[in-house]
Amino acid sequence: MNWQGVIPAIMTPFGEDLSVNAELLRHEVDALMTAGCAGIVALGSLGEGGSLSYDEKKVVLRLCHEALDGRGPLVAGIAAMTTAEAVRLAELGAETGCAGLMVLPPYVYQGDWRETRAHFEAVIGATDLPCMLYNNPVAYGTDVVPEQVRALADACPNLGAIKESSTDVRRITAIRSLLGDRLKLLVGVDDLILEGVQAGAEGWIAGLADALPAESVRLFDLARAGRLDEARALYDWFLPLLRLDTVPKFVQLIKLVQAQTGLGSEPVRPPRLPLVGAERDAALTLIRESLDRRPSLG
């Protein structure tokens, strides 16, 4: 597991009855890999992992593994309210053919560093799979600062990467200064990707790539190649859509973009509800105007 490139955090498509839409999930995975994505992360926040039962998570991971058909690695998002359940999910990841795990802090309870460290070390230590730490203090209220990242890297030999979603690009520089190349650094906030790559990130756990994978791969490749004028032009077009990844209703919004590009469906599971009325109209206007100006990738 090299933790590089564009690795979308995929959506879980639902039918009108809110069951997992297996056919659409396979189509989504195929489209992402055909566009040049390096792999996929399933069961993350965008995948509404918290709304899926254990058995549904097993189904989703198996469907993704089958759809990938060896074209790239499958990473399972590991998030739960208890450490024991997170360990159980880590074991499920290994059973279903995952190549790696993305490990989140516990849902709901925001522990101190002693508790947070114990949780991460227990989950990462329960598997031989390569693991990526997911740091998202904005969404989860738990911030793993660079010195703590170093402590986890020292304690966990199979911790190989961090998805850094603090929204502060300086974190990438700070982690690199402490750990060198010990961990791969991946951007987890869509509207920070150009800045993040320039700071040293080697991968992107992407959201809008679920709807616009070719544009996402092109942007990342231009940034990594240092072709900044071309990257900036594409980034400027993409930013209004990338910013949809940074607001509370990011799942509904990105699913709406997916529906417009033919790669997904709008239904979400409660407590989320689909966008309606003026809110949906405004989002659709933004999406359609952006797609009307969609650049040719040549």
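How each quantity is defined
- Residue numbers restart at each chain and count upward from 1, following the sequence in its written direction.
- Per-residue local features are limited, in this predicted model, to residues with pLDDT of at least 70; the limit for side-chain atom pairs, both in listing and counting, is 80 or more; totals at the level of whole chains, interfaces and linings are taken over all residues.
- As a rule here, side-chain values come from all non-hydrogen atoms in the structure, and water together with hydrogens is ignored.
- Counting from the N terminus, the helices are the DSSP runs of H or I reaching at least four residues and the strands are the DSSP runs of E reaching at least two.
- In the analysis that follows, any N or O atom pair within 3.5 Å is treated as a polar contact, provided that within protein one partner can donate a hydrogen and the other can accept it, and provided that, for residues neighboring in sequence, both atoms belong to side chains.
- Contact criterion: two residues are considered in contact whenever any of their non-hydrogen atoms come within 4.5 Å of each other.
- In this scheme, strands are said to pair when DSSP sees at least two bridges between them.
- Residue exposure (1.4 Å probe, protein chains only): buried if accessible area is under 20% of the type maximum, exposed if over 50%, otherwise partly exposed.
- Using only the protein atoms, space was sampled on a 1 Å grid; points where a 1.4 Å probe fits but cannot get out form cavities, open sets with protein on both sides within 12 Å along at least five of seven lines form pockets, and lining residues are those with an atom within 4 Å of a point.
- Grid points are joined across faces, edges and corners, and a volume is the space filled by probe spheres set on the points.
- Classification convention: Asp, Glu, Lys, Arg as charged; Ala, Val, Leu, Ile, Met, Phe, Trp, Tyr, Cys, Pro as nonpolar; all other residues, Gly among them, as polar.
- Pairing of aromatic rings covers Phe, Tyr and the six-membered ring of Trp, with a centre-to-centre limit of 6.5 Å; geometry is then stacked below 30 degrees between planes, edge-to-face above 60, and tilted otherwise.
- Distance and angle both matter: a charge sits over a ring if NZ of Lys or CZ of Arg is within 6 Å of the ring centre and within 35 degrees of the ring normal.

Undergrad: Teacher, can you tell me more about the side chain of asparagine 158 here?
TA: Mapped onto the elements, asparagine 158 comes out in the loop between α6 (146–155) and β6 (159–164). Within the structure, asparagine 158 has its side chain in polar contact with the backbone oxygen of threonine 127 (distance 3.0 Å). The residues contacting asparagine 158, other than those within four sequence positions of it, are Ile124, Thr127, Asp128, Leu129, Pro130 and Cys131.

Undergrad: What should I look at first to understand the sheet that holds strand β5 (residues 131–135) in this one?
TA: Strand pairing within a sheet occurs via backbone hydrogen bonds; the two strands may be parallel or antiparallel. What the eight strands build is an open sheet, ordered β1-β8-β7-β6-β5-β4-β3-β2; its pairing is parallel. In this open sheet, the two edge strands, each paired with only one partner strand, are β1 (5–6) and β2 (40–42). Sheet topology note: the β5/β6 ladder contains five bridges and is parallel. Note that in β6 the partner of tyrosine 134 across the bridge is lysine 163.

Undergrad: Would you explain α6 in this entry?
TA: Residues three or four positions apart in an α-helix share a direction because the helix packs 3.6 residues into each turn. Within the sequence span of α6, burial applies to Pro146, Gln148, Val149, Ala151, Leu152 and Ala153. Check the buried side of α6 and you find it contacts α4 (113–125), β5, β6 and α7 (170–179).

Undergrad: Before we go on, may I ask you to explain the layout of surface pockets in this structure?
TA: It is a probe the size of a water molecule, rolled over the atoms, that shows where empty space is left. Put simply, the largest pocket is a space of about 380 Å³. Counting residues per element, the lining of the largest pocket draws most heavily on helix α5 (residues 137–140), which supplies three residues. By residue class, the composition of the lining of the largest pocket is 13 nonpolar, eight polar and three charged. Around the second largest pocket, the lining residues are Ser45, Glu48, Gly49, Gly50, Ser51, Tyr107, Tyr140, Phe250, Pro271 and Arg272. A per-class count over the lining of the second largest pocket returns four nonpolar, four polar and two charged.

Undergrad: Sorry if this is basic, but what is going on with the packing of aromatic side chains here?
TA: The description of an aromatic ring pair uses the distance of the two centres, along with the angle that the planes make with each other. Counted by the stated rule, this structure contains three aromatic pairs. Three or more aromatic residues link up through ring pairs in this structure, and these residues are Tyr107, Tyr134 and Tyr140. Over the ring of tyrosine 134 we find lysine 163, and its NZ or CZ is 3.9 Å from the ring centre.

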